[in-house]
Amino acid sequence: MWKYSVAAAAIAMIAVVNAQSTINTPPPPPPSFPPVIVEGIRIDGRRVLCTGTQCADVLRDMQMAVMAEPLPYEATLPDTDPTVDGEAFCENLADARPSGCSASNPPPSPGITVPGKQPWQANGCGTGGFANLFADVILTLASSNYYSGNLDAPYPGVGFRGACDGHDQCWAMAGEREACDRSFQRSMESACDQLGEANARGACYGFAGLYRGAVSSTNASDAAYQNSIKARACALWANDMRENGCED
Amino acid sequence: MDVDATPSTQSDERVAETASVPTQHSTPSGHIALPQSLRLPGLDSVRAAQSWREAVSRYSEDEQRYLSARSAAYFHVLQFGSEQQQRQMIEQGFPMPEEWLAARNIPDHELKQLAEAGNAKAQMFYIDRSISVLSAVLSQRGLDTENAQDMQLLQLYASVSAMTHQRLTESKSPFAAYQDGLFETRTSRTQTPEPFAASIHIAAELGHAGADQLSNVFYQQHPGLNPGTVMHFYQSMRRQIGRP
């Protein structure tokens, strides 16, 4: 069985630059800033905006607590959202910190800008999180007759880079796993469809299937998906802390 | 199962065009000829029946149990209620009881060879058998890339997922849609039912008469279905069959 280091070294040795024209999978759309899912009003009149579930839960709980307070006789329900105490909101939000998360040093995440930090970037198929997994799988299972030596375009002339970037982004935004993985495979297969010859198309589909299998069925991918969910939760929480003027 | 990462490409590209062409071979009385492009070797026709239940009742208890299990695995999409419906489903690529039983006796390596050689019906049974193998493992645990046997399963996953998608794209058959949905549902780590729900809608668009009724039952049986995920798979499958 190939070890990651061996696989990576082998990849480096046999990597080739494909000078022919390449059919590429399209790049993903630029990530949008995470939508506000709940908003409220503080006693001082400032707005509270939440993009993550921790913040939304804290705000909802505080609003519900205000609404549950007994109303004076003949009082009417207010037309606007109940106001919340800003200081208490920040304390509660700090308490809701995801495990292992730092408000001052969150992981990079699509669509979230942290002052002084590098923005999140997709890294294709050949570097970053899945590179070793893809290399391991390809070098163990793929037919050497077809493998180009380039993880971004394992079938010669068909680039999977855009598909890999899209999958990176989908997971990094905590997308639904099965949906992200299916889109990943379809994106690769669509690029393969441009190949005219049936055997070539089939071999290209085989690589798409291997990449899909690597991200959908392996223990390593299970762990990676869980990590991406945690990273997104942390990034959103830190963003909500920052945007709402709360200190960690 | 012994498998290869590269799926066959000499598949049933001709299914859609030839499935409705009547066979020129003589067919025994009371039998329905199978489309030329949808035959296992040595099985040219199946017996006509008024229902799936009637067709199944002709077999031994063991065979009936097997057929019931296959029907249940596909949420009973294999069933028909009239000879007319049986004929339509045969043209649409749905395997009949005789074919399930014939395929049951084909060893893994022979079935794989037939599938890779482009026999469309063999591909259906190869996909079916492979889904069972993969589901048994993936419903319990993920694959370990350090384990040689698991890597063989990953290779099987790769080849069968590609073959399943290719069958739907090229044949545009309702049964291929159901197999695509079943593959996605049974090989997902959470066995999520949404892909199969999406495949029911695609099968309805591709002309499966029983799809609407199945849809009602399926949604009742799976009340927590995520509509967004169903829609995602539905749109993906629609693009596969060339519909925007």
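Residues numbered from 1 in each chain as written. Chains lettered and ligands numbered in written order. Predicted model: local features only at pLDDT ≥ 70, side-chain atom pairs only at ≥ 80, totals over all residues.

### Looking at the overall build of chain B
As a reminder of what qualifies: A helix here means a DSSP run of H or I that spans at least four residues, while a strand means a run of E at least two residues long, and both kinds are numbered starting from the N terminus. To sort residues by exposure, count the other C-beta atoms lying within 10 Å of each residue's C-beta; 20 or more gives buried, 12 or fewer gives exposed, and values between give partly exposed, all with C-beta atoms placed from the backbone. Contact between two residues is assigned whenever their backbone-derived C-beta positions fall within 7 Å.
Counting its regular elements, chain B contains 12 helices and two strands. From first element to last, N terminus to C terminus, chain B shows the α and β order α-β-β-α-α-α-α-α-α-α-α-α-α-α. Taking all 244 residues of chain B together, the buried fraction comes to 50%. The contacts in chain B between residues at least 6 apart in sequence include a share of 64% that link residues at least 24 apart.

### Things to note about the overall build of chain A
Helix and strand content of chain A: eight helices and five strands. Written out in order from the N terminus, the α and β elements of chain A read α-β-β-β-α-β-α-α-β-α-α-α-α. Sequence-distant contacts, at least 24 apart, represent 71% of the contacts inside chain A between residues at least 6 apart.

### So, the pairing of strand β3 (residues 47-50) of chain A
Residue and element names in this part refer to chain A. Note the following rule: Two strands are counted as paired when DSSP detects at least two bridges linking them.
Burial along β3 is one-sided: Val 48 and Cys 50 are buried, while Arg 47 and Leu 49, pointing the other way, are not. Bridge count for strand β2 (residues 38-42) against β3 is four bridges, and the pairing is antiparallel. Bridging from a neighbouring strand, Val 38 pairs with Cys 50 of β3. In sequence, β2 turns back onto β3 through a hairpin of four residues, with Gly 45 there showing a positive phi of about 95 degrees.

### What about the nonpolar core?
Basically, it comes down to this: Nonpolar cores are identified as sets of buried Ala, Val, Leu, Ile, Met, Phe, Trp, Tyr and Cys residues joined via C-beta atoms within 7 Å.
Membership of the largest hydrophobic core comes to 99 residues, with the highest contact counts inside it found for Phe 134 and Tyr 211 of chain A. Sorting elements by how many residues they give to this core places helix α8 (residues 148-171) of chain B first, with 10 residues. Not counting residues up to four positions away in its chain, the partners in contact with Tyr 211 of chain A are Phe 134, Phe 160 and Met 188 of chain A. Val 48, Val 84, Ile 112 and Leu 236 of chain A belong to the second-largest nonpolar core, a separate cluster that totals 20 residues.

### Section: the confidence of the model for chain B
All names here are of chain B. Here is the rule we go by: As a per-residue quantity, pLDDT reports the predictor's confidence and falls between 0 and 100.
Chain-level statistics for chain B give a pLDDT mean of 89 and a share of 89% at 70 or above. Low pLDDT, under 50, characterises residues 1-25; the stretch is placed with 81 contacts to residues that sit more than four places away or in other chains. Taken together, the chains of this predicted complex give a pTM of 0.83 and an interface ipTM of 0.83.

### Comments concerning the sheet that holds β2 of chain A
All names here are of chain A. Spatially, β3-β2-β4 is the arrangement adopted by the three strands of the open sheet, whose pairing is mixed. Each having just a single partner strand, β3 and β4 (83-84) make up the two edges of the open sheet. Judged from the two bridges that link them, β2 and β4 form a sheet pairing that is parallel. Following the sheet pairing, Arg 42 is matched in β4 by Val 84.

### A word on the environment of Thr 164 of chain B
Residue and element names in this part refer to chain B. Relative to the elements of secondary structure, Thr 164 occurs in helix α8. Note on Thr 164: 26 C-beta atoms within 10 Å, which makes it buried. Separated by 137 residues in sequence, Thr 164 and Thr 27 have C-alpha atoms that sit 31 Å apart. For Thr 164, the residues in contact, after removing those within four places along its chain, are Ile 127, Gln 179, Asp 180 and Phe 183.

### Thoughts on the confidence of the model for chain A
Per-residue confidence for chain A gives a mean pLDDT of 83, with 85% of residues at or over 70. Here helix α1 (residues 4-14) of chain A stands out as the element of chain A with the lowest mean pLDDT, 38, in contrast to strand β5 (residues 158-159) of chain A, whose mean of 95 is the highest.

### Section: the packing of helix α7 (residues 120-138) of chain B against α8 of chain B
Relative placement of two packed helices is described by the angle separating their axes and the distance separating the axes. Residue and element names in this part refer to chain B. Convention followed: Inter-axis angles, ranging from 0 to 180 degrees, are taken between N-to-C directions of lines fitted to C-alpha atoms, where helices are fitted over the stretch in contact. Reported orientations rely on four angle classes, namely roughly parallel under 35 degrees, roughly antiparallel over 145, roughly perpendicular from 65 to 115, and oblique for the rest. For any pair of crossing helices, the crossing counts as left-handed if the nearer helix is rotated counterclockwise from the farther one by less than a right angle, and right-handed if it is rotated clockwise. Residues are sorted three ways: Asp, Glu, Lys and Arg are charged, Ala, Val, Leu, Ile, Met, Phe, Trp, Tyr, Cys and Pro are nonpolar, and all the rest, Gly among them, are polar.
Between α7 and α8, the least distance of the axes is 10 Å, while the angle of their chain directions is 140 degrees. Here α7 lies oblique to α8, going by the angle between them. Seen from above, α7 lies across α8 with left-handed handedness. Counting all contacts with α7, which are made through Ala 120, Gln 123, Ile 127, Ser 130, Val 133, Leu 134 and Val 137, the residues of α8 involved are Leu 153, Leu 156, Tyr 157, Val 160, Met 163, Thr 164, Arg 167 and Ser 171. Class assignment of the residues belonging to the contact of α7 with α8 gives a composition of 10 nonpolar, four polar and one charged.

### Remarks on the environment of Leu 134 of chain B
Residue and element names in this part refer to chain B. Along the chain, Leu 134 turns up in helix α7. Here the alpha-carbon distance between Leu 134 and Leu 154, two residues 20 residues apart in the chain, equals 8.8 Å. Contacts of Leu 134, omitting those with residues within four sequence positions, involve Leu 153, Leu 156, Tyr 157 and Thr 187.

### Considering helix α6 (residues 108-116) of chain B
Residue and element names in this part refer to chain B. Inspection of α6 places Leu 111, Lys 112, Leu 114, Ala 115 and Glu 116 among the buried residues, and these make up the whole buried set. In the core, the buried residues of α6 are packed alongside α5 (97-104) and α7. Phi turns positive, to about 100 degrees, at Gly 118, one or two residues after α6.

### Section: the packing of helix α3 (residues 61-73) of chain B against α5 of chain B
Residue and element names in this part refer to chain B. Direction vectors running N to C along α3 and α5 enclose 105 degrees, while the axes themselves pass 10 Å from each other. In terms of axis orientation, α3 runs roughly perpendicular to α5. Together, Glu 63, Tyr 66, Leu 67 and Arg 70 of α3 and Pro 97, Trp 100, Leu 101 and Arg 104 of α5 make up the contact between the two elements. Grouping the constituent residues of the contact of α3 with α5 by class yields five nonpolar, no polar and three charged.

### So, α8 of chain B
Residue and element names in this part refer to chain B. Operational definition: Expected span of a helix: the number of residues minus one, times 1.5 Å.
Given a rise of 1.5 Å per residue, 24 residues ought to cover 34 Å, and the 34 Å separating the end C-alpha atoms of α8 matches this to within 8%. For α8, the tally of buried residues reaches 20 of 24 residues, placing the bulk of the element in the interior. Positive backbone phi, at 50 degrees, marks Lys 172, one or two positions downstream of α8.

### What about unusual backbone geometry?
The phi angle at Ala 174 of chain A is positive, at roughly 60 degrees, despite the residue not being glycine. Even without being a glycine, Lys 172 of chain B presents a positive backbone phi close to 50 degrees. Within the secondary structure, Lys 172 of chain B sits in the loop between α8 and α9 (174-187). Here Lys 172 of chain B falls in the buried class, since 22 other C-beta atoms lie within 10 Å of it.

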